[in-house]
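Secondary and tertiary structure notes
The primary structure of each chain is shown beneath.
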Amino acid sequence: MYMLLQTFNISLPKDLVAMADNVAKKEYRNRSELIKEALRTYLVSKQNWEELYSYGKQIGDKLNIKSEEEVFDMLNSYKNAKRDH
C-alpha cells in the first residue's frame, strides 16, 4: 500500500523531546514513528470520546436530563438504593 506522506515542523520543549526519544529507543522506533503513533492514538481516542458523549447526550435528551448534576444525582440514588438492599 502506498501512503502519501507530508512533512511538517513542530516545536517541542526539550524535556518532552528527551522523553519521546527515550521511549522511541526502548521501542526500537524513530522519533517520527513514535510521534505519528502518539498522534494517531490521541485522535482515535478523541473521536471515541466524542462519539460516546454524543450518544450520552442523545440518551439524556430522551430522558429529559438537563445537566451533569442530574446524572450524578441519578447515579448516587441508584448506588444508595442498591446499597440499602
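First, a word on what this report is: a plain description of the structure on this page. Just so you know, these numbers come straight off a predicted model, no measurement behind them.

Description of the overall build of the chain
Helix and strand counts for the chain come out as three helices and zero strands. Listing every helix and strand of the chain by position from the N terminus yields α-α-α. Over its C-alpha atoms the chain spans a radius of gyration of 22 Å, topping by over 25% the 12 Å that the globule rule assigns to 85 residues. Along the first, second and third principal axes, the C-alpha atoms of the chain reach 55 × 30 × 25 Å. With 85 residues in all, the chain has 6% of them scored as buried.

Points about helix H1 (residues 14-26)
Relative to the 18 Å expected for 13 residues at 1.5 Å per residue, H1 spans 18 Å between its end C-alpha atoms, a close match to the ideal helical length. Downstream of H1 by one or two residues, Tyr-28 has phi in the positive range, about 55°.

Quick word on unusual backbone geometry
For Tyr-28, which is not glycine, the phi torsion reads 55° and is therefore positive. Tyr-28 sits in the exposed class, given a relative accessible area of 78%. Even without being glycine, Asn-64 reaches a positive phi, approximately 60°. Tracing the backbone shows Asn-64 in the loop between helix H2 (31-62) and helix H3 (68-84). Given the relative accessible area of 48%, Asn-64 is considered partly exposed.

About the cut-offs
- Residues numbered from 1 in each chain as written.
- Predicted model: local features only at pLDDT ≥ 70, side-chain atom pairs only at ≥ 80, totals over all residues.
- Heavy atoms only, no water.
- Helix = DSSP H or I, 4+ residues; strand = E, 2+ residues; numbered from the N terminus.
- Rg over C-alpha atoms; globule rule 2.2 N^0.38 Å.
- Buried < 20%, exposed > 50% of the residue type's maximum accessible area, 1.4 Å probe, protein only.
- Expected span 1.5 Å × (residues − 1).

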